[in-house]
Amino acid sequence: MNFDELRERACASLARLMPQVEGSSRLVDECLSNARLAFRDEFILQLSPEAWARIALIYTTTFLDSQADVSVGDIAAAVLRDSIHIGRMEMLAQQLAQRKLGEKAAHKASSPTLRVVKPQD
């Protein structure tokens, strides 16, 4: 998925989530542009359009309710600080390492290997 597709799908998700909200594309645009200040596009694209629709809603309502300029990066950092459990992090890191090793092994298995064989005298 590219950034434009993510934007379109997030707008559609926000419209489904809150049909009474007018200008859902503007809200998603503001949220994503703010997110780009804190995160690389590769990270942003890893989250689902549905997640970005909810983040845009939270980002917008937080600003409207508090009149404070709270960034998407600040919101994400607060969520991470609140939700990190070291034991779970270790388990997830091990699962990630196993998946990466599996991908590496699958790549090696699909790659042809050539060996030089010396003729025996």
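The structure presented is a predicted model; accordingly, all values stated were derived computationally and were not measured.

Conventions we followed
- Residues numbered from 1 in each chain as written.
- Predicted model: local features only at pLDDT ≥ 70, side-chain atom pairs only at ≥ 80, totals over all residues.
- Heavy atoms only, no water.
- Helix = DSSP H or I, 4+ residues; strand = E, 2+ residues; numbered from the N terminus.
- Rg over C-alpha atoms; globule rule 2.2 N^0.38 Å.
- Buried < 20%, exposed > 50% of the residue type's maximum accessible area, 1.4 Å probe, protein only.
- Core = buried A, V, L, I, M, F, W, Y, C linked by side-chain atoms within 4.5 Å.
- Contact = heavy atoms within 4.5 Å.
- Axes fitted to C-alpha atoms, helices over the stretch in contact; angles between N-to-C directions.
- Parallel < 35°, antiparallel > 145°, perpendicular 65-115°, else oblique.
- Left-handed = near helix turned anticlockwise from the far one by under 90°.
- Nonpolar A, V, L, I, M, F, W, Y, C, P; charged D, E, K, R; others polar.
- Phe/Tyr/Trp six-rings, centres within 6.5 Å; stacked < 30°, edge-to-face > 60°.

Things to note about the overall build of the protein
Now for step 1: The secondary structure content of the protein amounts to 6 helices and 0 strands.
Now for step 2: Walking the protein from its N terminus toward its C terminus, one meets helices and strands in the order α-α-α-α-α-α.
Now for step 3: The C-alpha radius of gyration computed for the protein amounts to 22 Å, which surpasses the reference 14 Å derived for 121 residues by more than 25%, pointing to a less compact arrangement than a globule.
Now for step 4: In terms of overall dimensions, the protein has C-alpha extents of about 85 × 35 × 25 Å along its principal axes.
Now for step 5: Per-residue burial over the protein gives 19% buried out of 121 residues.

Observations concerning the nonpolar core
Now for step 1: Among the nonpolar cores identified, the biggest contains 17 residues, and Leu14, Val28, Cys31, Leu32, Ile44, Trp52 and Val72 are the most heavily contacted of them.
Now for step 2: Of all elements in the fold, only α1 (3-17), α2 (24-38) and α4 (49-66) reach the threshold of two or more residues within this core.
Now for step 3: The residues touching Val72, leaving out its near neighbours within four places in the chain, are Cys31, Asn34, Ala35, Phe39, Trp52, Ile55 and Tyr59.

Concerning the environment of Met18
Now for step 1: Counting through the fold element by element, Met18 comes out in the loop between α1 and α2.
Now for step 2: For Met18, a relative accessible area of 24% corresponds to the partly exposed category.

What about the packing of α1 against α2?
Now for step 1: Contact pair α1 / α2: the axes reach a minimum separation of 9 Å and the direction vectors enclose 130°. Considering the angle they form, α1 stands oblique to α2. Here the hand of the crossing between α1 and α2 comes out right-handed. The segment α1 lies against α2, with Phe3, Leu6, Arg7, Ala10, Cys11, Leu14 and Ala15 engaging Ser24, Ser25, Leu27, Val28, Asp29, Leu32 and Arg36.
Now for step 2: The residue inventory of the contact of α1 with α2, partitioned by class, reads 9 nonpolar, 2 polar and 3 charged.

Observations regarding the side chain of Asn34
Now for step 1: Note that Asn34 resides in helix α2.
Now for step 2: With residues near it in sequence (within four places) discarded, Asn34 still touches Tyr59, Ser71, Val72 and Gly73.

A few points about unusual backbone geometry
Leave glycine aside and you will find that most residues have negative phi; peptide bonds, for their part, are mostly trans.
Now for step 1: You will see that Gln67, though not glycine, has its phi angle at about 60°, which is positive.
Now for step 2: Of note, Gln67 is situated in the loop between α4 and α5 (72-83).
Now for step 3: Overall, Gln67 belongs to the exposed group, its relative accessible area being 58%.

As for the packing of aromatic side chains
Now for step 1: Overall, the coordinates contain 1 aromatic pair when judged by the stated rule.
Now for step 2: Between Phe39 and Phe43, the aromatic rings sit 4.8 Å apart at their centres with planes inclined by 40°, giving tilted as the arrangement.
Now for step 3: The exposure class assigned to Phe43 is partly exposed, which follows from its relative accessible area of 39%.

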